[in-house]
Amino acid sequence: IANSTGAYSCNGKFRRKANYSIKWKRYDFTVRKGLSAAKYRGPKKKGNWNLNIKGGRQEFYATIFRAAHHYYYKYIKGLRKPPQNSFWRTKLKIRACYESNNGINGYHAPHERFLGLGSAIKIYNPDRNSMHTYATVIHELAHASHWAMDRSSYRECDVIVAESWARGVQWVLTKMTYPTYNADYFAHYTGVVQDMI
């Protein structure tokens, strides 16, 4: 597991070349490519593997992973975590859809998490910059957190309440990584969280 700067180390020595790869997952969540976990198949070599991920699918996966890692494992100002992996609940699957989707950047569908088979969150539009992809992942994880906290409340609340809450969490957590971030507002979003802060 890499540290916060992306550095890694391995104990011991290898007799042959090391077969490097990155798996975009942790205990509580997995970034998926279709039905399987997203991976970066690295080189088979002796010595260190130093990689700068820039552009393409791997940057899209890495950005989704960074946002999910933030929400699950870093400081989130007292907010509740999204659904966590346990014996009775499988890890959250986030599908990285490497395609455009007519302005829908992501969505949360908790029913698709049934038995851990489907991806409850889908993220689209990889052509957007990392800051906006990161913000979308935070937004959808805020919905997942709301759903995990109280499923009946989540189903019964007005769309504008659920969306405004998720947009507020998106604004707060994304600004922790991208200080210049500002969320746009549309018909189903208000700045009520920002106003209360």
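Here is what the cut-offs are and how they apply
- Residues numbered from 1 in each chain as written.
- Predicted model: local features only at pLDDT ≥ 70, side-chain atom pairs only at ≥ 80, totals over all residues.
- Heavy atoms only, no water.
- Helix = DSSP H or I, 4+ residues; strand = E, 2+ residues; numbered from the N terminus.
- Rg over C-alpha atoms; globule rule 2.2 N^0.38 Å.
- Contact = heavy atoms within 4.5 Å.
- Areas by Shrake-Rupley, 256 points an atom, 1.4 Å probe, with all protein chains shown as cover.
- Pairing = 2+ DSSP bridges.
- Axes fitted to C-alpha atoms, helices over the stretch in contact; angles between N-to-C directions.
- Parallel < 35°, antiparallel > 145°, perpendicular 65-115°, else oblique.
- Nonpolar A, V, L, I, M, F, W, Y, C, P; charged D, E, K, R; others polar.
- Buried < 20%, exposed > 50% of the residue type's maximum accessible area, 1.4 Å probe, protein only.
- Phe/Tyr/Trp six-rings, centres within 6.5 Å; stacked < 30°, edge-to-face > 60°.
- Lys NZ or Arg CZ within 6 Å of the ring centre and 35° of its normal.

Student: Is there a simple way to think about the overall build of the protein in this case?
Tutor: In terms of helices and strands, the protein carries five helices and seven strands. Its helices and strands taken in sequence order, the protein reads β-β-β-β-α-β-β-β-α-α-α-α from the N to the C terminus. A globule of 197 residues ought to have a C-alpha radius of gyration of about 16 Å, and the protein, at 18 Å, matches this closely. Considering only C-alpha atoms, the protein reaches an extent of 60 × 40 × 35 Å along its principal axes. Intrachain contacts of the protein at a sequence separation of at least 6 include 66% that bridge at least 24 residues. For the protein, the accessible area works out to roughly 12000 Å², and carbon and sulfur atoms hold 51% of it.

Student: Explain the sheet that holds strand β5 (residues 92-96) to me, please; I cannot follow it from the model alone.
Tutor: Within a sheet, each strand pairs with its neighbour through backbone hydrogen bonds, oriented either parallel or antiparallel. One open sheet holds the five strands; their spatial order is β3-β2-β5-β7-β6, and the pairing between them is mixed. With partners counted over all chains shown, the strands left at the sheet margins are β3 (36-37) and β6 (106-108), one partner each. Note: strand β2 (residues 29-33) against β5, four bridges, orientation parallel. Bridge assignment links Thr-30 to a residue of β5, and that residue is Lys-93.

Student: Would you take a moment to explain the packing of helix α1 (residues 56-73) against helix α4 (residues 159-177) for this structure?
Tutor: The description of two helices packed together rests on the angle between their axes and the distance between the axes. At a minimum axis distance of 11 Å, the contact between α1 and α4 shows a crossing angle of 105 degrees. The orientation of α1 relative to α4 falls into the category roughly perpendicular. Note on element contacts: α4 touches α1 through Val-169, Leu-173, Met-176 and Thr-177, opposite Arg-66, His-70 and Tyr-71. When its residues are assigned to classes, the contact of α1 with α4 shows four nonpolar, two polar and one charged.

Student: Would you take a moment to explain the pairing of β5 for this structure?
Tutor: On a regular strand, one side chain projects to one face of the sheet and the next to the other, so that they alternate. Extensive coverage of β5 is indicated by the burial of four of its five residues. For β5 and strand β7 (residues 121-123), the ladder comprises three bridges, and the chain directions are parallel. Paired with Arg-95 across the two strands is Lys-122, which belongs to β7.

Student: Which parts of the structure should I look at to understand the packing of aromatic side chains?
Tutor: The way to describe two aromatic rings as a pair is by their centre distance and the angle between their planes. Taken as a whole and assessed by the stated rule, the structure comprises 11 aromatic pairs. Between Phe-29 and Phe-65, the ring centres sit 5.4 Å apart and the planes meet at 50 degrees, which makes this aromatic pair tilted. One end of the pair, Phe-29, is in strand β2; the other, Phe-65, is in helix α1, and 36 residues separate them in sequence. Per residue, the accessibility class of Phe-29 equals that of Phe-65, and both read buried. Consider the rings of Tyr-72 and Tyr-73, whose centres lie 5.9 Å apart with planes at 40 degrees: the pair is tilted. Through a chain of ring-to-ring contacts, three or more aromatic side chains come together here, namely Trp-24, Phe-29, Phe-65, Tyr-72 and Tyr-73. The ring of Tyr-73 carries Arg-26 above its face, with NZ or CZ at 4.7 Å from the centroid.

Student: Would you mind showing me how to read the environment of Ile-22 here?
Tutor: Turning to its location among the elements, Ile-22 is positioned in strand β1 (residues 18-23). Spatially, the C-alpha atoms of Ile-22 and Gln-58 are 9.8 Å apart, while their sequence positions differ by 36 residues. What Ile-22 contacts, discounting residues up to four positions off in sequence, is Ala-38, Lys-39, Tyr-40, Trp-49, Leu-51 and Ile-53.

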